[in-house]
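Tertiary structure, described
Listed below, chain by chain, are the residues.
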There are 2 protein chains.
Amino acid sequence: VPLRHGYTGGPARAFRLGAAGLAEFPIARWGDLARRRWDSAGPAALDYGVVAGYAPLRTAIARYLAVSRSVRCEPDQVLIVNGTQQALDLIARVLLNPGEQAWLEDPGYDGARGALVAAGARVVPVPVDHEGLDVAAGVRRAPRAKLAYVTPAHQFPLGSTMSLPRRLDLLRWAHKARAWLIEDDYDGEFRYVNRPLASLQGLDTAGCVIYTGTFSKALFPALRLGYLVVPAALIQTFIKVRFFLDVHTPTFMQTVLADFITEGHFERHLLRTRIRCRERREALRAGLQRDLGGLLEVESSEGGMHVLAWLPEHVSDREAARRAAAEGIDTLPLSAFAQTRLSRGALVLGYAGLTPDDIASGTKRLARALHPLRRQVRGRRRDPRPSSPGPREP
Amino acid sequence: VPLRHGYTGGPARAFRLGAAGLAEFPIARWGDLARRRWDSAGPAALDYGVVAGYAPLRTAIARYLAVSRSVRCEPDQVLIVNGTQQALDLIARVLLNPGEQAWLEDPGYDGARGALVAAGARVVPVPVDHEGLDVAAGVRRAPRAKLAYVTPAHQFPLGSTMSLPRRLDLLRWAHKARAWLIEDDYDGEFRYVNRPLASLQGLDTAGCVIYTGTFSKALFPALRLGYLVVPAALIQTFIKVRFFLDVHTPTFMQTVLADFITEGHFERHLLRTRIRCRERREALRAGLQRDLGGLLEVESSEGGMHVLAWLPEHVSDREAARRAAAEGIDTLPLSAFAQTRLSRGALVLGYAGLTPDDIASGTKRLARALHPLRRQVRGRRRDPRPSSPGPREP
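Read on for a plain summary of the structure. Computed from a predicted model, the values in this text were never measured in an experiment.

Parameters at a glance
- Residues numbered from 1 in each chain as written.
- Chains lettered and ligands numbered in written order.
- Predicted model: local features only at pLDDT ≥ 70, side-chain atom pairs only at ≥ 80, totals over all residues.
- Heavy atoms only, no water.
- Helix = DSSP H or I, 4+ residues; strand = E, 2+ residues; numbered from the N terminus.
- Rg over C-alpha atoms; globule rule 2.2 N^0.38 Å.
- Buried < 20%, exposed > 50% of the residue type's maximum accessible area, 1.4 Å probe, protein only.
- Areas by Shrake-Rupley, 256 points an atom, 1.4 Å probe, with all protein chains shown as cover.
- Lys, Arg positive; Asp, Glu negative; His and termini not counted.
- Charge placed at Lys NZ, Arg CZ, Asp CG, Glu CD.
- Salt bridge = Lys/Arg side-chain N within 4 Å of Asp/Glu carboxyl O.
- Phe/Tyr/Trp six-rings, centres within 6.5 Å; stacked < 30°, edge-to-face > 60°.
- Contact = heavy atoms within 4.5 Å.
- Polar contact = N/O pair within 3.5 Å; in protein donor to acceptor, adjacent residues only side chain to side chain.
- Least-squares fit on C-alpha atoms with pLDDT ≥ 70 in both.

1. Section: the overall build of chain A
A count of helices and strands for chain A gives 12 helices and 12 strands. A globule of 394 residues ought to have a C-alpha radius of gyration of about 21 Å, and chain A, at 21 Å, matches this closely. Relative to its 394 residues, chain A shows a buried fraction of 61%. Split by element, the accessible area of chain A, about 15,100 Å² in all, is 52% carbon and sulfur. For chain A, the centre of its 54 positive side-chain charges and the centre of its 40 negative side-chain charges are spaced 4 Å apart.

2. Section: the pattern of salt bridges
Within this structure, the stated rule accounts for 44 salt bridges over all chains. Salt-bridge contacts for Arg191(A) lead to Glu302(A); the nearest nitrogen and oxygen are separated by 2.5 Å. Of this pair, Arg191(A) sits in the loop between strand S6 (180-184) and strand S7 (209-214) while Glu302(A) sits in the loop between strand S9 (297-298) and strand S10 (306-310), and the two are 111 residues apart along the sequence. Classification of Arg191(A) as buried rests on a relative accessible area of 15%. The exposure class of Glu302(A) is partly exposed, given its relative accessible area of 28%. A salt bridge links Glu263(B) to Arg36(B), with the nearest nitrogen and oxygen atoms 2.6 Å apart. Here Arg36(B) lies in helix H1 (residues 27-39) and Glu263(B) lies in the loop between helix H10 (251-262) and helix H11 (265-292), a separation of 227 residues in the sequence.

3. Topic: the packing of aromatic side chains
One pass over the structure, following the stated rule, counts 32 aromatic pairs over all chains. Measuring from centroid to centroid gives 5.2 Å for Phe156(A) and Phe337(A), while their planes differ by 90°, and the two rings are edge-to-face. Note that Phe156(A) is positioned in the loop between strand S5 (147-150) and helix H7 (164-177) and Phe337(A) in the loop between strand S11 (332-333) and strand S12 (346-350), a separation of 181 residues in sequence. Note on Phe337(A): relative accessible area 3%, which makes it buried. Among the aromatic side chains, those forming a connected cluster through ring pairs are Phe25(A), Trp30(A), Phe220(A), Phe260(A), Trp38(B) and Phe252(B).

4. Observations regarding the interface of chain B and chain A
For an interface, size is often stated in terms of accessible area lost upon the parts coming together. The interface is formed by 58 residues belonging to chain B together with 58 residues belonging to chain A. Counting across the chain B and chain A interface gives six salt bridges. One salt bridge in this structure joins Asp32(B) and Arg35(A), with 3.0 Å as the shortest N-O distance. If you look at where chain B meets chain A, you find 22 residue pairs in polar contact (both at pLDDT 80 or more). Among the elements that take part in the side of chain B that touches chain A, H1(B) stands out by supplying seven residues, more than any other.

5. Overview of the environment of Asp169(B)
With respect to the element layout, Asp169(B) can be found in helix H7 (residues 164-177). Since its relative accessible area comes to 34%, Asp169(B) is described here as partly exposed.

6. Regarding the relation of the copies chain B and chain A
Both copies of the chain are related by one operation, a rotation about an axis with a shift along it. Laying chain B over chain A is done by rotating through 180° and shifting 0.0 Å along the axis; what remains is an RMSD of 0.0 Å. Both copies of the chain, as the preceding transformation shows, are related through a two-fold rotation axis. Using C-alpha coordinates, one finds that chain B approaches the rotation axis most closely at Arg35(B), a distance of 3.2 Å. Here 100% of the contact residues of chain B are again contact residues in chain A; the copies associate through an equivalent surface.

What follows is the structure in C-alpha cells.
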C-alpha cells in the first residue's frame, strides 16, 4: 500500500508535500508553554484523561472553527484525535458495515481509501472536476451509498474548491439517502483569494456531516493532533469506539496546544504562515512558468499547500516523477491517486516548507530532469486525438 | 460497551485500578528532559516521524526487554504504539479476517475482547485457573483458532501466573495450528516473589508470539505509549497497517522517554515503584484480613498491581461492588470480565496508587459497606451444595 499525502519523511525539499514552514515555527514559545505546564503538573495530569479530549482544547477548537470555518457546533461535539488519519479510521469503523458502499473522490486521497477499505467498505470512485465532486455521477453509480468522502475546500489532489450548487446537491442527496458525509478540511485554513468559503458542515441542517481537521498543516505533523466534529446524536458512539482504538490522545500536548490557541499564538502563527505560503505559491507558479512553460500547465486553485501541474497528453506522470526523483526532486504523480485511468497525467508539487530560493533552484532542476520529455511531446504533435484537460470521465 | 482495565478517570482512590504511584513520579526530572529536547529541537523534530517509532527508543526498549523480560528481539522488531489498546487493535486488524476464531481468557480483559470483536473475530472463551489459560480446553473448543490472547505473567483479572508446562503446551499448539499468540505483558515489571519469569516470547522458537507492553503502569497513563515486539516476518505488514490507523505515535514524548530510559531514570523509578507496590500490596492483604476476614478470601498472586478477593458463594459480586460504590469505594466485580457464568464472585481491587493510610481507611470503609452481606452468608450456611474456589468450567 503506498503511503502519501505528505508522508515521505526527511527534511523539507523541493517539492515534497509537507507542513507550512516548520523552520519558522515558534519552537521556543511552544517550549515555554510546555515548561509552564510541566512545572504546574500534579498527579492528576499524569493519569488517564478524558476519551473525547481535554475540555479547554475542545472549547478552543469549537470557537476557532465557528469563526474561521463557519462550523456550527458545541464543544462537546468536538472530539480530539491523533490527526486526520485516525479521524478517518474512526469514522469508517463507526459508520460503515462491511460490504456497504462509500463514495470516494477520484482522483482522491489514498489515506481515506485505506481507512474505508480497512472497514470493509466497497469503495465507489466518483469523478471530480473544477467544481469538486461530481454529485450527479455519484448518484448514478451508487445512489444508496452509506457515506461520501469529500475535500470541499481544496480537493486533494486536484485543488478545486467545491461549488455551492454541488455542495447543496451533495447535502440533498445525503439527506434523502440517509448517507453520511465526511468533510476533510485538511488545509482549509490556507486560502489566498477571496474570502474563505463556509464549510460544508456549516450548510448542513440535517446533521449528516462529520467534519475533520488537523494541526499537522498549520502547526506541525509530529504533534499528531486533529479533531472531529460529529453530529450530537453520534457523540457517545464515537467516544465508545475511540476507546477501543487507543483510549485517548496523549494529554500533555493537548494542554499545551490549548494554551497556544487561547493565548493567541495560533492565530498569529496562522496569519504569518498564510502570508508566507501565498508568497511561496506565487514563487512556484512563476518558477514553473519561467522554467517549465510549454511543458507543465499549472491548474488554478484558490488555496492549499500544493499545486497541480498538468503534463502534456501522452506523457506518463509516473515517468516524469521518476525522472524528477533521479535529479533529487520529489513529486507525486497524479495517477497514483486515481482509481480509474486518467486521460492526462500531472504532478503534485508541494511548496509550503520551501523558501523562494529553494523553489527557484527546484524548478530549474525539475526543468533539467523533464527536458527529455519535451522531445516526446514534439514527436507526438502529429497525433490527431483531441486533448482533454482533466481526469477522464470513465 | 463497558470500559475497564484501569480506565475510570478521576483521582486515585480506594480501590480503583491504576498506575503505580503517580504522586511519586519524578515530574520535575521529566520536565527537565522535555525542556532539553525542546531547546535543541529543529524543524526536523516537528516533521513526520518514522511510522515504526523513534529509533533510539526502539533500541532502548529492545535492551530493556532482553534483560528484564527475556524477550528475544532486534530493535527493528519493536514498534511504538499509543499503549496496549492500540497494540491489540493493530494486531487484530493485521492478523484476523472476519469470522476467524480467537481464544480469549475467560474471565479476561475486555479491552482485548473489544479489539477482537471490532476486527470481526469469533471470540472463543477459554477458561483460566491457577496455572493460567487451560490450553487443553482451548484445543477441545477451537483447535483451528487463528489466534490466542493471553496474559501469562499475571492473568487479568485472576492474577495467576501461567505455568511452564502450560506455556509449552500453548506454544506447541500455536506452532501446529499455525496460530498467533498475543502475549499482553501489561504489568510484567511488577513481580514480588522469586525471580521474574521469562516471557512467553522468550520461549518461542517458531516466531508465533506477538508481545505487547505499556508504559501506562510503570510510568503514567496520560503518556499513551506502549510497544509491540513482532516476529521479523510481520514487521513490514504491521508498519503498513499502522500507517492507516494514525500514521505514528507523537514524536516528542518518544524522544523524552528514550532519554529517560537511556539515562537510567526509568530503571531507578521502576525499582522504587516496585518496592512501594509490594508494600502497598502487603498493606491491602493485611487490611482485608483484618477488616474483612471471613467475608473476602484473597487469591494468592506473585505480582501485579491489583488483588482478587473472592466473595462467599451465592453473594453477587455486582451487588457487592454496588454497595462499595455507595460508600465511595471503587471495585470491579469479577463477573464483569467473565464471558460465561461464574460459580463464585470476586472483587478486583487496585492498590498501586494508594498510600498505606488510604488502604487502611479503604478496607474499613469496604468492611462497613459489605457488612450486610455477612447476613446473606450466615443465612446460606445450611445450603448443602459444595463450594468451588474458582471460575466455573462451563
